[in-house]
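Report on the structure
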There are 2 protein chains.
Amino acid sequence: MATTQAAAVDRPPTIHDIAALCGVAASTVSRALSTPDRVNIRTRQRIEAAAAQLNYIPNSQAKALSSGRTGAVGVLVPDITNPFYFDLIRGTQLQLKAAGYTQLLVDTEESDEVEASTMEQLRKSADGIVVAASRLSDEALLAAAAKMPMVTVNRDVPGVPAVLIDTPSATTQALDHLISLGHTDIAYMAGPLTSQSSTRRWTALAEAAKERGVEVRALGPFAPKTQSGAVAADAAVHSGVTACIVFNDLIAIGMLQRLRERSIRVPEDMSIVGCDDIFGADFCNPPLSTMASPIEQAGRVAVSMLLAQLNPVAGGVTRSRSVMPTHLTVRGSTGPAPGMH
Amino acid sequence: MATTQAAAVDRPPTIHDIAALCGVAASTVSRALSTPDRVNIRTRQRIEAAAAQLNYIPNSQAKALSSGRTGAVGVLVPDITNPFYFDLIRGTQLQLKAAGYTQLLVDTEESDEVEASTMEQLRKSADGIVVAASRLSDEALLAAAAKMPMVTVNRDVPGVPAVLIDTPSATTQALDHLISLGHTDIAYMAGPLTSQSSTRRWTALAEAAKERGVEVRALGPFAPKTQSGAVAADAAVHSGVTACIVFNDLIAIGMLQRLRERSIRVPEDMSIVGCDDIFGADFCNPPLSTMASPIEQAGRVAVSMLLAQLNPVAGGVTRSRSVMPTHLTVRGSTGPAPGMH
DNA sequence: AAGGTATTGGCAACCGGTTGTCATTTCGCC
DNA sequence: GGCGAAATGACAACCGGTTGCCAATACCTT
């Protein structure tokens with residue numbers, strides 16, 4: 001039989017249901033749940049019990065609307081299918097979840113426009129964003145950071161908190177490694193022009209090369225995909241170098257494949273050093289020598305920095321810059337220069 | 001000088017700002033933007049111009065709260081670092097973005113509990129969900145599907161719309177391939193017990209083997225990680241089989257590494273067939289023969305089915321099941337059985 | 001026991017849209 | 001020119017929480 005009094009309807013319970021059940025005002029319920037110490041302990045326990053009984057789950061939309069905080073953090077990556085970002089994403093996801101935040105993951109498709117419009121979109125629906133390998137200009141990034149809390153990964157813009165992966169110094173390790181193997185003709189296979197990581201690596205590498213009196217030439221740019229490896233490999237062979245330090249593992253693995261097709265032996269005829277130590281770098285053929293860094297941790301740190309920015313602790317210092325150590329992992333793709341023993 | 005009239009404040013514009021600028025009611029603005037044909041064309045154009053001028057972006061929270069529709073879709077995957085899901089995620093993301101939806105990606109950590117609680121959470125903040133390789137029981141899944149629109153991927157539960165990747169039939173292809181190479185001792189390296197995909201593959205494989213009069217034994221279960229490859233490889237060697245059909249490429253690649261360590265040659269001593277054709281399957285050593293399927297497309301189809309469910313079109317038929325074709329891709333990890341030519 | 005302070009709980013406005021209702025306008029038609 | 005129907009726009013309630021403000025209550029002190 002139909003009844004006018006709201007029975008246990010199927011609609012999810014709200015604070016009003018709890019309030020009615022406990023005989024208090026809705027606002028009291030709200031306070032009991034979000035500002036526990038502003039409510040009588042007994043009342044609070046009654047409310048909590050009722051909430052548990054009703055299987056209450058707060059409506060995040062409503063919460064966001066009224067409080068202005070969404071409890072969500074946007075994570076922007078240029079290419080979601082690039083294995084490099086898997087670990088980063090997992091790091092951010094774990095850290096965000098631990099803090100009770102939701103992750104909004106967006107693939108910006110290597111496009112500065114998509115990146116910018118996404119940021120504008122997220123301005124309303126997220127409390128802050130983590131931007132990996134931004135393709136935006138320094139000015140655009142700085143302007144965006146002024147509008148909403150932001151932490152960048154692998155992008156150094158003064159005034160914007162950042163997690164930097166210290167690949168530049170690793171390129172020096174790679175260079176020394178190659179020099180110690182007798183290589184003197186070395187190329188740097190560059191990434192996209194808009195990638196600051198690529199620029200920073202090249203700068204560091206060129207300087208180190210100069211100090212050591214060897215010559216390193218830059219080739220490229222190459223898109224960060226395995227497919228680009230073919231062009232890159234051909235360019236390297238044509239240039240006559242005996243070793244390559246490659247922008248990232250994706251391209252490096254592509255080069256490995258192409259060199260194999262062309263019957264150019266790695267590392268006997270050509271040594272290859274990648275960067276990132278992505279999934280696959282350890283089981284490609286030959287296994288790739290590469291510059292490895294704690295990517296997942298970088299993701300966690302980025303989130304920590306962002307959350308510290310969102311919820312400032314009295315007396316806490318907010319770091320605005322964090323550098324992740326990087327080291328060279330030598331596997332099978334590097335060996336003595338041709339003609340050396 | 002201070003002014004009481006709200007000038008161009010920094011706060012993002014709302015429909016009220018637009019309404020004030022146009023001299024109409026806020027509700028008119030709302031209608032003009034969401035139900036364009038219920039408003040005078042001239043008024044609408046004025047409103048649209050004002051919206052553009054103010055750079056108006058609707059507040060998705062408020063929209064969700066009042067309309068009940070969030071414009072977001074949850075995508076649940078068991079392990080975000082499993083390359084198999086990259087393409088799936090990219091597929092869902094592309095299709096969702098094209099339809100103006102937001103993707104909420106969650107890693108359920110291969111846990112049925114995380115999966116269940118995530119669903120409960122998402123019930124409020126998403127309009128529907130895509131669940132890949134669910135670890136939930138049929139009953140739990142059916143119950144969850146009753147509460148919110150859902151499409152599963154690689155999980156067949158009557159009454160729940162699903163995108164199925166036809167790996168079972170591919171196992172038959174793999175079996176025939178191995179038989180044609182002279183193998184008679186074949187093992188199936190099983191995935192997690194809670195994975196229906198694994199069960200379905202085994203069922204299909206066992207039946208096909210029976211028809212063909214060969215014996216196939218099941219080994220495992222093994223966790224879907226490269227690390228499990230070592231145990232799997234050792235188990236395979238110990239069992240004396242000459243070929244393995246493996247639950248997925250992750251385990252298969254791990255096996256390849258282990259067999260190499262143990263100096264067991266692939267494919268001379270042992271043939272390996274993987275499943276999924278993930279990133280890396282083409283450049284591991286040797287390149288992996290595997291069962292490939294259009295994963296990204298599976299993601300797109302799953303989203304299409306979900307959206308069709310959310311926005312039923314008059315006269316449109318809603319497919320509740322879609323099977324993606326799968327075929328065997330032969331590379332270097334399969335060869336003639338030992339002693340055959 | 002009375003006065004004071006600290007704590008607690010309720011009211012109501014508000015966040016930014018959506019949507020039902022209804023009065024008004026506009027238009028077409030006879 | 002006047003009528004009716006359709007189109008249009010304004011009002012206000014509502015979604016589910018948060019929060020400022022104030023009154024009421026409790027507790028403590030002298």
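Residues numbered from 1 in each chain as written. Chains lettered and ligands numbered in written order. Predicted model: local features only at pLDDT ≥ 70, side-chain atom pairs only at ≥ 80, totals over all residues. Heavy atoms only, no water.

**A closer look at the protein's contact with DNA strand D**
Residues in contact with DNA strand D amount to 26 residues; listed here are only the nearest, A:Ser27, A:Ser30, A:Arg31, B:Arg31 and B:Thr43. Close to the protein, within 4 Å, the atoms of DNA strand D are drawn from sugar and phosphate at a rate of 57%. Backbone polar atom of B:Ala25 to a phosphate oxygen of DNA strand D: 3.0 Å apart, as the coordinates give it. The separation between a base nitrogen of DNA strand D and a polar side-chain atom of B:Arg31 is 2.5 Å. Counting only elements with at least two residues in the surface near DNA strand D, the list comes to α1 (15-22), α2 (26-34) and α4 (60-67) of chain A together with α2 (26-34) and α4 (60-67) of chain B. At 5 residues, α4(A) tops the list of elements feeding residues into the surface near DNA strand D. Residue classes in the surface near DNA strand D are distributed as 8 nonpolar, 12 polar and 6 charged. (Near = heavy atom within 4 Å. Polar contact = N/O pair within 3.5 Å; in protein donor to acceptor, adjacent residues only side chain to side chain. Helix = DSSP H or I, 4+ residues; strand = E, 2+ residues; numbered from the N terminus. Nonpolar A, V, L, I, M, F, W, Y, C, P; charged D, E, K, R; others polar.)

**Quick look at the packing of helix α8 (residues 167-180) of chain B against helix α9 (residues 196-212) of chain B**
Residue and element names in this part refer to chain B. Close contact between α8 and α9 brings their axes to 8 Å; oriented N to C, the two are set at 40 degrees. One way to sum up the angle between α8 and α9 is to call them oblique. When the axes of α8 and α9 are compared, the crossing they make is right-handed. Across the interface between the two elements, Thr167, Pro168, Thr171, Thr172, Leu175, Asp176 and Ile179 of α8 pack against Arg200, Arg201, Ala204, Leu205, Ala208, Ala209 and Arg212 of α9. Its residues assigned to classes, the contact of α8 with α9 shows 7 nonpolar, 3 polar and 4 charged. (Axes fitted to C-alpha atoms, helices over the stretch in contact; angles between N-to-C directions. Parallel < 35°, antiparallel > 145°, perpendicular 65-115°, else oblique. Left-handed = near helix turned anticlockwise from the far one by under 90°. Contact = heavy atoms within 4.5 Å.)

**Thoughts on the relation of the copies chain B and chain A**
Once turned by 180 degrees and shifted 0.0 Å along the axis, chain B lies on chain A with an RMSD of 0.1 Å. Taken together, the turn and the small shift mark the pair as related by a two-fold rotation axis. Nearest to the rotation axis, the C-alpha of B:Cys284 is located 2.2 Å from it, this being the minimum over chain B. When the interface residues of chain B are mapped onto chain A, 100% of them again lie at the interface, so the same face is used by both copies. (Least-squares fit on C-alpha atoms with pLDDT ≥ 70 in both.)

**So, the packing of aromatic side chains**
The full count for this structure, using the stated rule, is 8 aromatic pairs over all chains. Considering the side-chain rings of A:Phe279 and A:Phe283, the 5.4 Å spacing of their centres and the 80 degrees angle between planes classify their relative orientation as edge-to-face. The buried category is assigned to A:Phe283, whose relative accessible area is 5%. Ring pairs connect the aromatic residues A:Phe279, A:Phe283, B:Phe279 and B:Phe283, which therefore count as one cluster. (Phe/Tyr/Trp six-rings, centres within 6.5 Å; stacked < 30°, edge-to-face > 60°. Buried < 20%, exposed > 50% of the residue type's maximum accessible area, 1.4 Å probe, protein only.)

**Some thoughts on the packing of α1(A) against helix α3 (residues 41-54) of chain A**
Residues and elements named next belong to chain A. Contact pair α1 / α3: the axes reach a minimum separation of 9 Å and the direction vectors enclose 125 degrees. In terms of orientation, α1 and α3 fall into the oblique class. Helix-helix and strand crossings are classified by hand; for α1 and α3 the assignment is right-handed. Of α3, the residues touching α1 (which contributes Asp17, Ile18, Leu21 and Cys22) are Arg46, Ile47, Ala50, Ala51, Gln53 and Leu54.

**Remarks on the domain arrangement of chain A**
Residue and element names in this part refer to chain A. Taken domain by domain, chain A holds domain 1 (15-58), domain 2 (71-165 + 295-320) and domain 3 (167-293). The C-alpha-based centres of domain 2 and domain 3 are spaced at 28 Å. Contacts between the two partners involve 13 residues from domain 2 and, on the opposite side, 17 residues from domain 3. There are 1 salt bridge connecting domain 2 and domain 3. Its salt-bridge partner being Asp79, residue Lys225 comes within 3.5 Å of it at the nearest N-O pair. (Domains from an automatic or database assignment. Salt bridge = Lys/Arg side-chain N within 4 Å of Asp/Glu carboxyl O.)

**A word on the side chain of A:Asp127**
Residue and element names in this part refer to chain A. Position of Asp127 relative to the elements: it lies in the loop between α6 (112-125) and β3 (128-132). We note that Asp127 is buried and unpaired, the nearest opposite charge coming from Arg69 at a distance of 6.6 Å. In terms of polar contacts, Asp127 uses its side chain to reach the backbone amide nitrogen of Thr70, at 2.6 Å. Not counting residues up to four positions away in its chain, the partners in contact with Asp127 are Gly68, Arg69, Thr70, Gly71, Ala72, Tyr101, Met148, Pro149 and Leu310. (Lys, Arg positive; Asp, Glu negative; His and termini not counted.)

**As for the nonpolar core**
Note that soluble globular proteins tend to have their nonpolar side chains buried in a common cluster. If you look at the biggest cluster of nonpolar residues, it comprises 144 residues, and the most contacted ones within it are A:Ile272 and B:Ile272. Setting aside residues no more than four positions away along its own chain, A:Ile272 makes contact with A:Cys244, A:Val246, A:Ala252, A:Met255, A:Leu256, A:Leu259, A:Val266, A:Leu288, A:Ser289, A:Ser333 and A:Thr334. The next biggest cluster of nonpolar side chains, apart from the first, holds 31 residues, and it includes A:Leu76, A:Ala126, A:Leu136 and A:Val157. (Core = buried A, V, L, I, M, F, W, Y, C linked by side-chain atoms within 4.5 Å.)

**Here we look at the sheet that holds strand β1 (residues 72-77) of chain A**
Two orientations exist for strands paired in a sheet by backbone hydrogen bonds: parallel and antiparallel. Residues and elements named next belong to chain A. Taken in spatial order, the 6 strands of this open sheet run β2-β1-β3-β4-β5-β11, and their pairing is parallel. The sheet is open, and its two edges are formed by β2 (102-107) and β11 (321-324), each paired on a single side. Recorded for the sheet is a direction-independent mean angle of 15 degrees between the axes of neighbouring strands. Both strand β4 (residues 150-153) and strand β5 (residues 162-165) contribute to a ladder of 2 bridges, which runs parallel. (Pairing = 2+ DSSP bridges.)

**A word on the sheet that holds strand β8 (residues 243-246) of chain B**
Residue and element names in this part refer to chain B. Ordered by their spatial adjacency, 6 strands build an open sheet running β7-β6-β8-β9-β10-β12, and the pairing between neighbours is mixed. Unpaired on one side and paired on the other, β7 (215-219) and β12 (327-329) mark the two borders of the sheet. This sheet shows a mean twist of 25 degrees between the axes of neighbouring strands, independent of strand direction. Against the sheet, α9 contacts β6 (185-189), β7, β8 and β9 (271-276), and its axis sits at roughly 160 degrees relative to β7. Where helix α10 (residues 228-239) meets the sheet, its contacts fall on β6, β7 and β8, and the angle it forms with β7 comes to roughly 145 degrees.

**Considerations on the protein's contact with DNA strand C**
Contacts to DNA strand C come from 25 residues, most closely from A:Thr28, A:Arg31, A:Thr43, B:Ser30 and B:Arg31. Counting only atoms of DNA strand C within 4 Å of the protein, the fraction found in sugar and phosphate groups is 53%. Take A:Ser27: an N or O atom from its side chain is 3.1 Å from a base nitrogen of DNA strand C. A distance of 3.5 Å is found between a base nitrogen of DNA strand C and a backbone nitrogen or oxygen belonging to B:Ala62. For the surface near DNA strand C, the elements supplying multiple residues, two or more each, are α2 and α4 of chain A together with α1 (15-22), α2 and α4 of chain B.

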